[in-house]
Amino acid sequence: MNGDEQLLNGRVYGAEHDDPNPGPLPHRTYAELVGGPLDGLLLDIYGWRTEEVDDGVALTTELSRWPGGRALCDPQPGEPRTPGPGVSCRFYYSGDTP
């Protein structure tokens, strides 16, 4: 694991780089981002409907193939989800888009 990967691991996507507490909050629900430029980050999905989680996400990042582009991340069909706070599911990297 390189320095950038260690910096991102366990942080919440969108947290400021100098945030003194960039980790997850105990009352929120998260998807773990797996693979690609955002590997190891947590995405806050608190309050998302099942359909929204099923659709996956396109997350803006400077670390994608196209700086300022988006990393595409989707759940695996049939993968179990844990209800309630904490890490509920995983979103897997599927590519980049400008």
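These remarks concern the structure in this document. (Residues numbered from 1 in each chain as written. Predicted model: local features only at pLDDT ≥ 70, side-chain atom pairs only at ≥ 80, totals over all residues. Heavy atoms only, no water.)

## Description of the environment of alanine 71
- Along the chain, the position of alanine 71 falls in strand β4 (residues 69-74).
- Owing to a relative accessible area of 0%, alanine 71 belongs among the buried residues under this scheme.
- Sequence spacing of alanine 71 and aspartate 96 is 25 residues, and the spatial spacing of their C-alpha atoms is 4.6 Å.
- If we skip the residues at most four places from it in the chain, alanine 71 touches Pro37, Leu38, Val57, Ala58, Leu59, Thr61, Tyr93, Gly95 and Asp96. (Helix = DSSP H or I, 4+ residues; strand = E, 2+ residues; numbered from the N terminus. Buried < 20%, exposed > 50% of the residue type's maximum accessible area, 1.4 Å probe, protein only. Contact = heavy atoms within 4.5 Å.)

## Examining the side chain of threonine 29
- Residue position: threonine 29 is located in strand β1 (residues 29-34).
- Beyond its immediate sequence surroundings of up to four residues, threonine 29 is in contact with Leu43, Asp44, Ile45, Tyr46, Gly84, Pro85, Gly86 and Ser88.

Spatial relationships are all this shows, so hold off on functional conclusions.
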